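# Breakdown of the fold
Listed below, chain by chain, are the residues.
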Amino acid sequence: MISTLGNRIVRVARRPSIRLRSRILARADQRARSRCGRATLALLLLLPLALPALAQAPAPAAQPDAPPQVRALLNLLADPAVRDWLEKQHGASQAARPAAPAEPELSPAGFVAERVGLIRQHLTELAAAAPKLPGELEGAATILLLEFEGRGLVEILFLLVGFVALGFGVQGLFLWATGRTRRRIVELSLDSVAERLRAVMARLAYGLGMITSFAIGSVGAFLVFPWPPLVREILLGYLLAFLAVRLAMVIGRFFLAPGAERFRILPMSTEAAVFWYRRLILLVAWFGVGWVTVEILGILGLPPPSRRLVAYALGLGLLAIALEMLWRRPVEAGQRRRGAATVLGSVYFVVVWLLWVAGSVYGLWLALLAAGLVASIRTTQRGVNHILRPPGMATAETGPPSVYAVALERGLRAGLIIAAALLLARGWHIDLGALTQSDTVFTRLLRGALTAVVIVLIADFAWHVLKTLIDRKLIEAQDLGRPETDEAHRKARLRTLLPILRNVIFIVLLAMAVLMALSSIGVEIGPLIAGAGVVGVAIGFGAQTLVRDIISGVFFLTDDAFRVGEYIQSGNFKGTVESFSLRSVKLRHHRGPLYTVPFGTLGAVQNMSRDWVIDKMQVGVTYDTDLDKARKLIKQVGKDLAEDPELGPNIIETLKMQGVEQFGDFAIQLRMKMMTKPGEQFVIRRKAYAMIKKAFDANGIKFAFPTVQVAGGVGDAAAAAARQGLAMTQPQPE
């Protein structure tokens, strides 16, 4: 079967077409004559430039077999008088030649008028070409039939299908030879980030291998045989279009994976993946076949306006596909279709098609790249965050992005922006090489703007990477772990210093990016830096309080005087440290008020959250109390507190009685103390008082309280009390 197909291919490739051959020979003869005429004209134009070199170089010796005219010309060139005369004539012609006029720079109004004129001319050409289009298409069909005479269109289609089938055959051999590798790729684990990246690279390499095998089997086999020119152009064009479709299928499977959700790079449902995969193939197939068809019509002799009309008609198919994609796109779970966005998208696609038909190159490329860049950046961000999500998370939204994800996403974003700028320059027919050599005001500003964009992209990349690194460190420092350990102290210090470091990095990057961008567009930054220095000195004299606050804050943080989450007191201000800025600290009072205290007014700081706290307590007992018994009871209370599962871990030294503090008017003051962790003494103190009260009541120890004792006889005391009560019940005389 394969040998029969090969013999048939060779017979078809070698079969001549007399009419087409005569036309091709006539065109080749005409092109040869025109090339000969152009070469003669170029020789005449370059002769004045070559005369000085001929005059200065030694005349070549005449060859023995040279014609007499050549030998005479060489002898004349060897004459010094002739050489001097040629040199003088060349100098006179150069001096008399007028200088080339400089191209005038168009003003914005002139540029707009020129573009409007070009659009009007383009539409006029299209209107003039429309009536001629049917006849030109008929002529192209006639040429095509003459070329296919003796072969038939069916035979050409058979050849096309045969080469496509041959490509699929070679691809099938590739799949058979790499079956074990394919199964190994399917069974890859995707738990960690490294495993997902390995699977992505393996699938990409396998897809490229499939495309390469198909290209070798179809296009490669086609190029082996000799073909008539027109048949070669037609078959090769449509084979390349089919190859583009195969490439779109591989790319769609790589990113969307409609049949394997676990390998999907872009997070979406299976229904949405199948929808976008099919629309991608349809869009590429229509675009590729249309492009090849328009190019073949050009080979068949259609003028450019007629080809543009055919392209615009085929562009209606692209517009219909885009509108169908927009209106029938699947909606993810939990979302609803937004009608306004759909209508705006439809208007956008129609406007793009109208700009294309009108020949507005600047507007068309700007509209395409603006929307395409935004969509590409959003898609890239979703894909990168999904692939590089932390292990154990189903989606990227459930956790903070990793540093690698941010670096890759920002790097790809910068690459997309630069690629869009290069495509825009190509679409606008801007010669970047000539732009670097030109020295007009516009070119200088344009070069500076491009350099400024690159600087901003680099600064944006550095800022987001450093910011993500700091934010992840802050998230890790939120969990202090076991308190009063070196690790807890280190994390608390990180929570204090990293926000300030983040602000400093932002200010430094912003200042550097602004200065470098201004320098790239031609602004002298030396005077700006000098002026900033002078202004800084003036601000330093006029804002001494601000400078004092900033410097004091630097030294407070350097000395590690306090950290976020610690309770401090300074003068009349006390509370828990919540956050910092460059010049102040925010303190949350335990009753709720928030103090914003400048560093310069803090002064001496009392930190109540470091290491340990000694809490001292006093109780008053009556004078008939057994002090030894009270000491034992208090010691037992301390043991019970230390054994408490909730309070015990916060007690460093258990509660114990230090002895008698003083003899009061009505009580003996017993003093106790205990050592606890900072901030925990209040709860432990309340619990200790309650347990002491209960223990003393159970053992007959009474707490002392103020009383009034009246001394004297019993009767006199009773009479005195009765008289006092009677006096209190009677009204006072006026």
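Numbers given to residues run from 1 along each chain, matching the order in which its sequence is written. In keeping with the predicted nature of the model, local features appear solely for residues at pLDDT of at least 70, side-chain atom pairs appear and are counted solely at 80 or more, and the whole-chain, interface and lining totals rest on all residues. Here the side-chain values reflect all heavy atoms present in the structure, with hydrogen atoms and water set aside.

### So, the side chain of serine 218
For the record, the criterion: What counts as a helix is a DSSP run of H or I of at least four residues, what counts as a strand is a run of E of at least two, and both are numbered from the N terminus. Only protein chains enter the accessibility calculation, which uses a 1.4 Å probe; a residue is then buried when its area is under 20% of its type maximum, exposed when over 50%, and partly exposed in between. Polar contacts, as counted here, are pairs of nitrogen or oxygen atoms within 3.5 Å of one another; within protein the pair requires one atom able to donate a hydrogen and one able to accept it, and residues that are adjacent in sequence qualify only if both atoms are side-chain atoms. Note on contacts: a residue pair is in contact if any heavy atoms of the two residues lie within 4.5 Å.
Examined against the element boundaries, serine 218 turns out to sit in helix H9 (residues 193-224). Residue serine 218 is classed as buried on the basis of its relative accessible area of 1%. In this structure the side chain of serine 218 is engaged in a polar contact, spanning 2.7 Å, whose partner is the backbone oxygen of phenylalanine 214. Contact partners of serine 218, with chain neighbours within four places excluded, come to Phe163, Gly167 and Leu239.

### Concerning the environment of leucine 364
Of note, leucine 364 is situated in helix H14 (residues 361-387). Sequence separation between leucine 364 and leucine 354 is ten residues; the distance between their C-alpha atoms is 8.8 Å. Not counting chain neighbours up to four residues away, the residues in contact with leucine 364 comprise Val352, Leu355 and Trp356.

### As for the packing of H9 against helix H10 (residues 229-255)
Note the threshold: To define axes, lines are fitted to C-alpha atoms, for helices over the stretch in contact only, and angles between the resulting N-to-C directions are given on a 0 to 180 degree scale. By the definition adopted for this analysis, an angle is roughly parallel if under 35 degrees, roughly antiparallel if over 145, roughly perpendicular if from 65 to 115, and oblique otherwise. Put simply, a crossing is left-handed when the front helix is turned counterclockwise from the back one by less than a right angle, and right-handed when it is turned clockwise. For this scheme, ten residues count as nonpolar: Ala, Val, Leu, Ile, Met, Phe, Trp, Tyr, Cys and Pro. Four count as charged, namely Asp, Glu, Lys and Arg, and the remainder, Gly too, count as polar.
One way to put it is that H9 packs onto H10 with a least axis distance of 10 Å and a crossing angle of 165°. Here H9 is positioned roughly antiparallel relative to H10, judged by the angle of their axes. Crossing handedness for the pair H9 and H10: right-handed. Considered class by class, the residues forming the contact of H9 with H10 number 19 nonpolar, two polar and four charged.

### Regarding the environment of tryptophan 276
Within the element layout of this structure, tryptophan 276 appears in helix H11 (residues 270-299). Tryptophan 276 sits 18 residues away from proline 258 along the chain, and the two C-alpha atoms are 9.1 Å apart. For tryptophan 276, the residues in contact, after removing those within four places along its chain, are Leu256, Met268, Met325, Arg329 and Pro330.

### Regarding the nonpolar core
Let me state the cut-off plainly: Remark: nonpolar core denotes a set of buried residues (Ala, Val, Leu, Ile, Met, Phe, Trp, Tyr, Cys) joined through side-chain atoms within 4.5 Å.
By size, the foremost hydrophobic cluster in this structure holds 23 residues, and its most contacted members are Val637, Leu641, Leu655, Leu670, Met672 and Phe696. For this core, the elements supplying multiple residues, two or more each, are strand S6 (613-621), helix H21 (627-643), strand S7 (651-663), strand S8 (668-676) and helix H22 (681-698). When residues in this core are grouped by element, the largest group, six residues, is from H22. Those residues in contact with leucine 655, other than ones at most four positions away along the chain, are Met617, Ile634, Lys635, Val637, Gly638, Leu641, Met672, Lys673, Met674, Ala688 and Ile692. By size, the runner-up hydrophobic cluster in this structure holds 20 residues, among which are Ala140, Ala241, Val294 and Leu300.

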